[in-house]
Amino acid sequence: MNAWDLTSSADLERQLEEEQDPLPIPESFPAFPYATPYVIQTEFMQQLFECIDRRKVGIFESPTGTGKSLSMICGAVSWLIEHERAEQEKMKLEQEVAEGMTSGSNVSITCGRPKNQIGDTPDWVQQHRAISDAAIEREERQAKRKELEARVQKIRDRERKMRENLARKMKRQAAGINSIRPTLGQSKKKKGQDSDDDDMDDTEFLVDEYDSDDNQKGGWAAKNSGDEYGNVSKEVLELLKSFDAKEVAHGARRTRFGMDDEDLEPDVLKIYYCSRTHSQLSQFIDELRKTSYGEHLHVVSLGSRKSLCINDRFRQKATVKTNSTAESIINVNKLNDACLDGQKSGTPSMQRCEFLHVPSASFGNKRRHGLFENSTDGSDSVDESAWWRTDDTIEGDGKLLEFRDHTLARVRDIEELAELGAELETCPYYGSRQTVRHCQLVTLPYNLLLHASTRESLKLMIKNNILLLDEAHNLINSLLQMHSVGLSLQQIVLAQEQLQVYLSRYEKRLSSTNEGYIRVLLRILKCLEGFIHKWTASPPQQSDRSIVSHQTQPAVSHQTQPAVSQQGRIQEAASGRVLRPVDRVMKVNEFLHDAGMDHINLFKAHAYLETSGVARKLQGLHESLQRQEAKRLSKENGSTTVKIHQGRNYLSKDSVQQPRRPSSGMSTTPILLVVDAFLMSLLNADNDGRVIVTMEEEGSNNNDEDESDSVQLGPTVVKPTFARSRKPTLKFMLLNPANVFKPLVDEARSVVLAGGTMEPVSDLLSHLFPYLKVAGTDPAIEIVSSNACPSYPRIHRFSCGHVIPKENLMTLVMEKTPTGGSLELNFANRTLDQIMDGVGQSLVNILGMIPDGVVVFFVSYSYMAQVLTRWQAKSITASGAVASSTIMDRIQARKRVFVEPREASDADRLLKEYQDCIHKIPEHDVANQGSQRGAVLFSVVGGKMSEGINFSDRLGRGVVMVGMPFPNKGSVELQERMRYMDQVQQQELGQQQQASKAAPLRMTAGSEYYENLCMRAVNQSIGRAIRHQGDYAVIVLMDKRYGMPRIRKKLPGWIGSSIETCEQFGPVMSKLSGFFRTKREFAVKKKGGK
């Protein structure tokens, strides 16, 4: 048979779609909720429409406050609607073509096939058959969609009546009559459900029979190898299975059960909207409701169990109290465990979740499609012999259909989905996933889309759909952090001890296969532990090419060598300083060889951890034994204080007795899942990542040089006394985010990255989209102002200005202090007394000119604490006398001072006090000119106030940036990332430039990345001001380096066009005075005119 005979109707449909003429770009967007959109909003919507229609990768920058979310909704959804109309017209045309072929006309639509006959079948018959199949399939899908729409419309009518009676129902609920729905989070009480977990038989922790290579995934391979793939080797079978899983996630025809598209319910073309947090997704839903699309669009929001679980019993099990406060929080890992435990084989009915309804074999498709199948990250794995497979699921199908139809009936955010699930007694966490195929718009957080295993477990169809990634300014770092894994020596030791206890307890009851795999895991852990011991016991050798020195490490005398104990603890040298081994960086293959693991099959180890459930059973046994020990000690000693075992004695007695930094919560992630995540990271390409072995400080932050930063404004300055405990740690660091993002770009119709501050764009092009660059073009990235990038033809760029008039924003670069001192706050001199005093004196004068609220950003918490401490001390004047007042006294005389807290729980309270302080005095109040006016908020770049907080109008009349927030260059991770980028750049430059001895004409890729990290943080912070068209503010950049042309180009366009550089301090004051005087006079005139 000729290979062309295998071409399906879906393949022909896809090719015809790609060859379709582009849609006309609309001149207006009627769904926009306001009568006249801003010009830049119309341009945004038109450019987005064009980007999606032309199958481009978009980079869209629109300042916060310009209606970016509304523009994204109207631009993308309008294309979706217009595309659907074009599809309807094309369907009619195809039917006409098919009818013409039956009458004998020979239309040549061969899609690349040879025009002669194929075997014994004429060419025109093949064409007719393919087009007819496509038309029939379209008609069937259209009929199913119309049927679904009819059901949804009935739900909408019903809900409209329900909302009219809402007041009466709420009264009934308040009176204790709750016949309609249980309270959110409450489950039905069943007799005997509150049994004592500690009294359970330990057989529940015995791992189930595991059939090894030939029968993984609950026997899936054995059952299907002959039916679907024939007699193939297990290696080929594993490869085919991996292809199947990826094809399901990307919308291909084959599923892991061998089903074709016609076996499933129709999947509609959809938009995936992603953002970082649930609150941002809820804001997007609120904006969608403002448009006319909100009445007819099918939308679903995906979220975590923490947001969607309505089982009060499970949530109570997952509730823990923080060590630092008495506040109770939901532990995500405990909640996941409780949910999955309720789905295990043999679970008593009283311990199951009554809200979980699993679809029957006939629900939504001809064969059951794996909603609750095993996921590669273990998040939703269910035993293949789960209890619900033998239950009657007809009632469950009805509840799932009802939940789906109600979800599609109107737009709901995460909270409303949870309420709907409680009302319909259906789990919204799983129910929302069952609804995805029918939705035109799906909102979800970053991790559900960007992580491949999670994406595949959700069965998200990416093929030919649209991806909108909002708040994408930090997308590269999100990808790098999401795919980087750390494993400490303490965790390795604890995993070994748990496995040894488990093996000794169940050795006689374990099958030979399970015992063998557990011993393999023990061997892997022993190799990892031995490697760390070998590293800590060997003195640093600077000649080793895999050794990277840490720039922040204290200098060591040549006469003094560090003494290293067998436990890996670094003892104090004669100088009194604590020394530690030099961090070592290796490629993956080098690490596997040095650790003695290159002969171990990590794929099999991962498959066992993923499918056997041993990780969770091991954790369950460990926690059960801890509870039993706690009860025993409590009875013997009359004390409830129990020492939690941390894994041998790697912490010395001294370090245990030292005060420790309080923890915000207790992690219950099964230790073997952490080990498995590290092992899976080692399966990345050798050059895409690095393995680092280092002595990591608990609670350390590579972007902050010193976290001893507590400060109290007043006579006393309090600093923390937390001890810094170092622990040997293995880290896998992803270096190449392009490879993990590329599958999305390849499969999606269009990928759009949007944000308020996307500059500098060069990082995105070179680190996320190198495969889109035209071969042979100049590697130097040329950033152009138009929407086209010459070297990247598939990239569609759009950047717009702000909606405010130019006269409403002024940006000043300060180069000198009031005393004439230079303002260059690099790491070497920013802590000098004269520099800190100069910054304080400048700020005192600036605060006297800017009314209402001013937000001041420092580069780190530690530097802010150091500066504020300095400002509370009385300085020495030029004549040698002690100043009568401190800089902080002078600042407080002008404005009330607020300092950003580290604890997130305190941020909302502080913001409320800051707002109240500003609004208690009327704006432009001349009577209070001499008194304290407004407030100043000292914040940190990258902190809680630098992103997601809007300082509009009086809350942010001024934003001051003190210094440039470069990350800690002593970080070994940052050093290696910069080195990797330089290596990639040298490969692109080619042998001719690589051999040249001439100095480079531009920055290296690593140095540019380092600078871009700083500028992206700056852009995000200064974007907190100016939130709407009538707003106005000044931005003061307090560092002469901001005046450099290279730096100015990396500021957002709407800011860079208003920059003025002041070489002396005098012009700063005169410009500030003139700016606010003009605004005050205009406001007074406007008020008088009324």
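Every chain's residues receive numbers from 1 upward, in the order its sequence appears when written. Local features in this predicted model are restricted to residues of pLDDT 70 or higher, and side-chain atom pairs are both shown and tallied only at a pLDDT of 80 or more, whereas totals for entire chains, interfaces and linings draw on every residue. Heavy atoms from the whole structure form the basis of all side-chain values; hydrogens and water molecules are not counted.

Next up on the list: the overall build of the chain. Runs of H or I in DSSP of at least four residues are treated as helices and runs of E of at least two as strands, each being numbered from the N terminus. A tally of helices and strands in the chain yields 35 helices and 21 strands. Note on definitions: a residue-residue contact is assigned when non-hydrogen atoms from the two residues lie within 4.5 Å. Across the chain, the fraction of contacts at a sequence separation of at least 24, relative to all contacts at a separation of at least 6, is 81%. Computed with a 1.4 Å probe, the accessible areas rest on the Shrake-Rupley method; for each residue, only the protein chains presented here act as cover. Split by element, the accessible area of the chain, about 50100 Å² in all, is 50% carbon and sulfur.

This paragraph deals with the nonpolar core. Among the buried residues, those of types Ala, Val, Leu, Ile, Met, Phe, Trp, Tyr and Cys that are joined through side-chain atoms within 4.5 Å form a nonpolar core. Exposure is judged per residue with a 1.4 Å probe applied to protein chains only, and the accessible area is read against the type maximum: over 50% gives exposed, under 20% gives buried, and values in between give partly exposed. Within the largest apolar cluster, 134 residues are counted, with the highest numbers of intra-cluster contacts made by L469, F591, F741 and L753. Here this core takes eleven residues from helix α19 (residues 512-537), the largest share from any one element. Core analysis: the next-biggest nonpolar cluster, separate from the first, contains 70 residues, I40, A76, W79 and F857 among them.

Another point: the pattern of salt bridges. Definition used for salt bridges: Asp or Glu carboxyl oxygen within 4 Å of a side-chain nitrogen of Lys or Arg. Across all of its chains, the model carries 34 salt bridges by this definition. The shortest N-O distance in the salt bridge between R584 and D594 comes to 2.7 Å. Highlighted residues: R584 in strand β9 (residues 584-586) and D594 in helix α20 (residues 588-594), separated in sequence by ten residues. Judged by relative accessible area, R584 falls into the buried class, the value being 15%. For D594, a relative accessible area of 27% translates into the label partly exposed.

The pairing test for Phe, Tyr and Trp rings, Trp by its six-membered ring, is centres within 6.5 Å, and the orientation test on the planes gives stacked under 30 degrees, edge-to-face over 60, and tilted for anything in between. Per the stated rule, a full pass over the model turns up 21 aromatic pairs. Seen in terms of ring centroids, Y914 and F951 are 6.1 Å apart; in terms of plane orientation they differ by 85°. Their pairing is edge-to-face. With a gap of 37 residues between them, Y914 in helix α30 (residues 904-919) and F951 in the loop between β18 (935-940) and β19 (958-962) connect regions that are remote in the sequence. Each member of the pair, Y914 as well as F951, carries the same accessibility label: buried. On the basis of an interplanar angle of 85° and a centroid distance of 5.1 Å, the ring pair of F1075 and F1076 is categorised as edge-to-face. The exposure class of F1076 is buried, given its relative accessible area of 4%.

The next point concerns the sheet that holds strand β10 (residues 689-697). We call two strands paired when DSSP finds no fewer than two bridges between them. Strand order in the open sheet formed by four strands is β8-β11-β10-β9, with antiparallel pairing between adjacent strands. The open sheet terminates on both sides in strands that have one partner only, identified here as β8 (485-488) and β9. Strand-to-strand twist of the sheet, defined as the mean angle between neighbouring strand axes without regard to direction, takes the value 20°. Looking at chain direction, β8 and strand β11 (residues 726-734) are connected through four bridges and run antiparallel. What sits directly across from S488, in β11, is T729. Together, β8, β10 and β11 form the strand contacts of helix α24 (residues 671-681), whose direction differs from that of β8 by roughly 125°. Only the stretch in contact is used when fitting a helix axis, every axis being a line fitted to C-alpha atoms; angles between N-to-C directions are given from 0 to 180 degrees.

Here we come to the sheet that holds β18. The parallel open sheet is built from seven strands, whose spatial order is β17-β18-β16-β19-β20-β15-β21. Every other strand in the sheet has two partners, leaving β17 (896-899) and β21 (1059-1062) as the edge strands with one partner each. The average angle at which neighbouring strand axes cross in this sheet is 20°, direction not considered. The sheet contact formed by β17 and β18 spans four bridges and is parallel.

Our focus in this paragraph is helix α22 (residues 614-637). Under the 1.5 Å per step criterion, the end-to-end length of α22 is 34 Å for 24 residues, consistent within 8% with the ideal 34 Å. Every buried residue of α22 is listed here: V614, A615, R616, K617, L618, Q619, G620, L621, H622, E623 and S624. Next to the buried residues of α22 lie α11 (332-341), α18 (489-506), α21 (602-612) and α24. The span you would expect from a helix comes to 1.5 Å times its residue count less one.

For the pair α21 and α24, interaxial distance at closest approach is 10 Å and the crossing angle is 150°. α21 and α24 meet at a crossing whose hand is left-handed. Note on element contacts: α24 touches α21 through L672, D676, L679 and M680, opposite L602, H606 and L609. Its residues assigned to classes, the contact of α21 with α24 comprises five nonpolar, one polar and one charged. If you view the pair so one helix is near and one far, a crossing is left-handed when the near helix is turned anticlockwise from the far one by less than a right angle, and right-handed when it is turned clockwise. Any residue that is not Ala, Val, Leu, Ile, Met, Phe, Trp, Tyr, Cys, Pro, Asp, Glu, Lys or Arg is counted as polar, Gly included; the first ten are nonpolar and the last four charged.

So, on to the confidence of the model for the chain. Within the chain, residue pLDDT values average 75, and 66% of them lie at 70 or more. The predictor attaches a confidence to each residue, called pLDDT, with possible values from 0 through 100. Here helix α23 (residues 653-657) is the element of the chain with the lowest mean pLDDT, 33, and strand β7 (residues 466-469) is the one with the highest, 97. Every residue in residues 365-392 is under pLDDT 50, and counting partners more than four places away or in other chains gives 84 contacts. Note on residues 779-785: pLDDT is under 50 here. Beyond four places in sequence and across chains, it has 15 contacts.

Moving on: unusual backbone geometry. Here the bond from E759 into P760 is cis, since omega is -5°, no more than 30 degrees from zero. Phi is positive for N464, which is not a glycine, with a value near 65°. Looking at the secondary structure, you find N464 in the loop between α16 (452-457) and β7. A positive phi angle, near 60°, is found at D852, a position not held by glycine. Along the chain, D852 turns up in the loop between α27 (833-849) and β16 (853-858). D852 sits in the buried class, given a relative accessible area of 8%.

For the rest of this paragraph, the subject is the state of the cysteines. Sulfur atoms of two cysteines make up a disulfide when they are within 2.5 Å. The final tally for this structure, using the stated rule, is zero disulfides. The structure places no disulfide on C427, whose sulfur is separated from the nearest cysteine sulfur, that of C353, by 5.9 Å. You can call C427 buried: its relative accessible area is 11%.

Moving on to the side chain of E759. On the secondary structure map, E759 appears in the loop between β12 (750-755) and α26 (762-767). By relative accessible area, which is 12% here, E759 ends up buried. Reaching out from E759, the side chain makes a polar contact with the backbone nitrogen of V761 at a distance of 3.4 Å. Whenever two N or O atoms come within 3.5 Å, that pair is a polar contact, provided that in protein one can donate a hydrogen and the other can accept it, and provided that, for residues adjacent in sequence, both atoms are side-chain atoms. In this structure the side chain of E759 is engaged in a polar contact, spanning 3.4 Å, whose partner is the side chain of R797. For E759, the residues in contact, after removing those within four places along its chain, are E61, R797, R1016, N1019, K1050, L1051 and P1052.

On to the packing of α19 against α21. Packing of α19 against α21 brings their axes to within 11 Å, and their N-to-C directions diverge by 120°. By the angle between their axes, α19 is oblique relative to α21. As for the relative orientation of α19 and α21, their crossing is left-handed in sense. Contacts from N514, Y517, I518, L521 and I524 of α19 reach α21 at L602, K604, A605, Y608 and L609. Grouping the amino acids of the contact of α19 with α21 by side-chain chemistry returns eight nonpolar, one polar and one charged. Comment on the angle field: the value is read as roughly parallel under 35 degrees, roughly antiparallel over 145, roughly perpendicular from 65 to 115, and oblique elsewhere.

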